[in-house]
Amino acid sequence: MTLLDAVLSLSEAPARDEALQRILRALAQATAADALSVLTAAEDGSVGVAAQIGLSPATLGLSFRPAEHPRLRRATVAAGPIRFLDPSEPDPYSGWLLGSAGEMHPIHACMAVPLRVQGRLAGLLTLDACDPRGLRGLRDEDARVFAGLCAGALRLDGGPAFAAEPLRLVGGGDEDAALPGRSAAMRRVEREIAVLAPLSVPVLVTGETGVGKELVARALHERSPRAGRALVIVNCAAIPAQLVESELFGHRKGAFTGATAARAGRFEAARGGTIFLDEIGELPLAAQAQLLRVLQEGEIQPVGEDRPRRVEARVVAATNRDLRREVAEGRFRADLFHRLWVYPICVPALRERREDIPALCERFAAGLAAELGAARVDFTEPALRALAGGAWPGNVRELKNAVERAVLRRTMAEGSAAGRALVLRPEDVDVGGAGDDAVERAAPGRPGAPRVEPAGERLWLASAPPDAPVEPLADALERARREAFARAFRAAGGNAAMAGRLLGLSRSFAYKEAVRLGLIPAPEPRKR
């Protein structure tokens, strides 16, 4: 591939990422570089890997903050190509070189070129060669040419967002993680969000449990003109049927038993902003009729009031149900379905975008590593392959829990992680339902423990001795619960947050349940 091929990439490549990859391939043939990458600049000042050659696949979508990396910080303010000669400066890609989990030797050739579009930093072009003389054949003028081609490629997607940062869908609570969307399926979701976010039309987000539907809803809000107003999230499945209308639309004082004061509903709270109705398929039919009126007329009617009120809020709904079937079976209103089905966004299951799994694993591991004080977390190739081959019926949520369990196991095996690098191995990873090879069935009549395998998971039943007394189910479940919590709190050294992670629960729930089970002392009552 020649420089001419790299130039033609700008006009022939179907999309930005393919053009960047072709340009890097041409540059790789013109140099002795072992690793090349293009990083794009995001609005928050970070830079994320958009294309690379010679690095671990997990680096795609990985973000760096230049303030934390001396070389990246110098490169972002440089006027042109910059070569790094100080071996005491850490290389951001140390440990990421393909085929090597170790640190990159400090004495190696490293170069970066800022990518600028209309005077604005759009990203960086970086080159690394393990041979200290590996980049001597690349002149600064040639590096500028390739950097100019990369900067042009960043504009292929059009508009001011030429940096095209990875989809930064930030969830609440412990879901504070961006989803790197480098797969074709997630790039489609990105494009749909970019088109729909500025509009006021209702959006229905569909997909299996755990794929990140709430994150898509947050992105729709945060990229819309309503970003400065409230985003109100409602879990329709968690509201008792008799209180749904009051929760959504409010009520007047005395409207029903217990209504001791007037209350504004969730739609009032979302006025001028966005209301996200999660699990909308769980809404009772009466509330569906009220919701239809909101979408059609922009009006709500609080319980107990005679006159409707005007309200303006963008509706984003989500479901993991097949609403067409729900309509056919009479559990969901057809007219409401058609009002919501303006343009559905289908979030793909994790098994449909396995190429995103390595980057997700790295991101989830890095998040927990920061809490543990670890310098970084690396994965061996066998560990990443095991994770990438998992069935993950719980999708991104299940993967996140598995990665965090692996980090905790490795931390407990090695002791404190403070200031050290952790390397996760296959034995640290548990991959539930990791494909057909992982499914074993007991032969008929075979003695021992029978195996029952529901879809997506394994349930192993141990045969009890024939003379063992039958224990009431409630007692057996309570005993198993106590044992599980006791083991988790022992492994976590009494730390409720870590025990909750091991159990796949929130810190607060793990703490309250441990107190209820008598495993840890109850808090002292507050003095008044």
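Quick summary incoming for the structure in this document. (Residues numbered from 1 in each chain as written. Predicted model: local features only at pLDDT ≥ 70, side-chain atom pairs only at ≥ 80, totals over all residues. Heavy atoms only, no water.)

### Remarks on the overall build of the protein chain
Across its full length, the protein chain holds 17 helices and 17 strands. Looking at the protein chain as a whole, 46% of its 528 residues are labelled buried. In the protein chain, the share of contacts with a sequence separation of at least 24, taken over all contacts with a separation of at least 6, comes to 66%. As displayed, the protein chain offers around 26000 Å² of accessible surface, 53% of which is attributable to carbon and sulfur atoms. (Helix = DSSP H or I, 4+ residues; strand = E, 2+ residues; numbered from the N terminus. Buried < 20%, exposed > 50% of the residue type's maximum accessible area, 1.4 Å probe, protein only. Contact = heavy atoms within 4.5 Å. Areas by Shrake-Rupley, 256 points an atom, 1.4 Å probe, with all protein chains shown as cover.)

### What to know about the pairing of strand β2 (residues 47–53)
Most of β2 is tucked away: 6 of the 7 residues are buried. Across 6 bridges, strand β1 (residues 35–41) lies against β2 in antiparallel orientation. By the bridge assignment, Ala41 is partnered in β2 with Val47. Counted along the chain from β1 to the antiparallel partner β2, the turn is 5 residues long, and its residue Gly45 has a positive phi close to 95 degrees. Here β2 runs beside strand β3 (residues 63–64); their pairing, made up of 2 bridges, is antiparallel. Across the sheet, Gly48 pairs through a bridge with Ser63, a residue of β3. (Pairing = 2+ DSSP bridges.)

### Here's the deal with the side chain of Arg410
Structurally, Arg410 is set in helix α14 (residues 395–414). A relative accessible area of 10% places Arg410 in the buried class. If sequence neighbours within four positions are ignored, Arg410 has contacts with Leu422, Val423, Leu424, Arg425, Glu427 and Asp428.

### Overview of the pairing of β1
Burial analysis of β1 places 7 of its 7 residues in the buried class, the great majority of the element. Burial of the side chains of β1 extends over both faces: Ala35, Ser37, Leu39 and Ala41 are buried on one face and Leu36, Val38 and Thr40 on the other. Bridge analysis of β1 against strand β6 (residues 120–129) gives 6 bridges, and the strand direction is antiparallel. Directly across from Thr40, in β6, lies its bridge partner Gly123.

### Some remarks on the pattern of salt bridges
In the structure shown here, the tally under the stated rule is 30 salt bridges. Across the salt bridge formed by Glu326 and Arg331, the nearest N and O atoms sit 2.9 Å from each other. Since its relative accessible area comes to 40%, Arg331 is described here as partly exposed. The closest approach of N and O atoms between Arg516 and Glu513, which form a salt bridge, is 2.6 Å. In this pair, Arg516 and Glu513 both sit in helix α17 (residues 507–516), 3 residues apart, roughly one turn of the helix. Taking the relative accessible area as the measure of exposure, Glu513 reaches 9% and is therefore buried. Connected through shared salt-bridge partners, Glu282, Arg321, Glu326, Glu329 and Arg331 make up one network. (Salt bridge = Lys/Arg side-chain N within 4 Å of Asp/Glu carboxyl O.)

### Comments concerning the sheet that holds strand β13 (residues 345–346)
Through backbone hydrogen bonds, the strands of a sheet pair up, either in parallel or in antiparallel fashion. Taken together, 5 strands build an open sheet; the order of strands is β8-β9-β12-β7-β13 and the sheet is parallel. Edge strands, defined here as strands with exactly one partner in the open sheet, are β8 (231–235) and β13. Pairing of strand β7 (residues 203–206) with strand β12 (residues 314–319) involves 4 bridges; the strand directions are parallel. What sits directly across from Val205, in β12, is Ala318.

### Observations regarding empty space enclosed by the protein
Using the criterion set out here, one finds 1 cavity of 30 Å³ or more in the structure. In this structure, the largest cavity occupies an estimated 90 Å³ of space. Forming the boundary of the largest cavity are Arg71, Leu72, Ala75, Phe84, Asp91, Pro92, Tyr93, Cys110, Met111, Ala112, Thr126 and Asp128. Listing elements by their share of the lining of the largest cavity, those giving two or more residues are α3 (70–77), β5 (109–117) and β6. When the residues that make up the lining of the largest cavity are grouped by side-chain class, the tally is 8 nonpolar, 1 polar and 3 charged. (1 Å grid on protein atoms, 1.4 Å probe; cavity = no way out; pocket = protein on both sides within 12 Å on 5 of 7 lines; lining within 4 Å. Points joined across faces, edges and corners; volume = space filled by probe spheres on them. Nonpolar A, V, L, I, M, F, W, Y, C, P; charged D, E, K, R; others polar.)

### Remarks on the environment of Leu220
Its location among the elements puts Leu220 in helix α6 (residues 213–222). Along the chain, Leu220 and Val195 lie 25 residues apart, while their C-alpha atoms are 9.5 Å from each other. Aside from chain neighbours lying at most four places away, what touches Leu220 is Ile193, Leu196, Ala197, Val203, Arg314, Val316 and Ile345.

### Observations regarding helix α9 (residues 285–297)
With 13 residues, α9 should cover 18 Å at 1.5 Å per step; its first-to-last C-alpha distance of 18 Å lies within 8% of that length. Of the residues making up α9, those classed as buried are Ala287, Gln288, Gln290, Leu291, Leu292, Val294 and Leu295. Against α7 (244–249), α8 (266–269), β9 (274–278), β10 (299–300), β12 and α11 (334–340) lie the buried residues of α9. (Expected span 1.5 Å × (residues − 1).)

### Some points on the nonpolar core
Within the largest apolar cluster, 36 residues are counted, with the highest numbers of intra-cluster contacts made by Cys361, Val377, Phe379, Leu387, Leu399 and Phe489. Of all elements in the fold, only α12 (357–372), β14 (376–379), α13 (381–388), α14, β15 (421–424), α15 (473–491), α16 (496–503) and α17 reach the threshold of two or more residues within this core. Within the second largest apolar cluster, 30 residues are counted, among which are Ala19, Leu24, Phe146 and Cys150. (Core = buried A, V, L, I, M, F, W, Y, C linked by side-chain atoms within 4.5 Å.)

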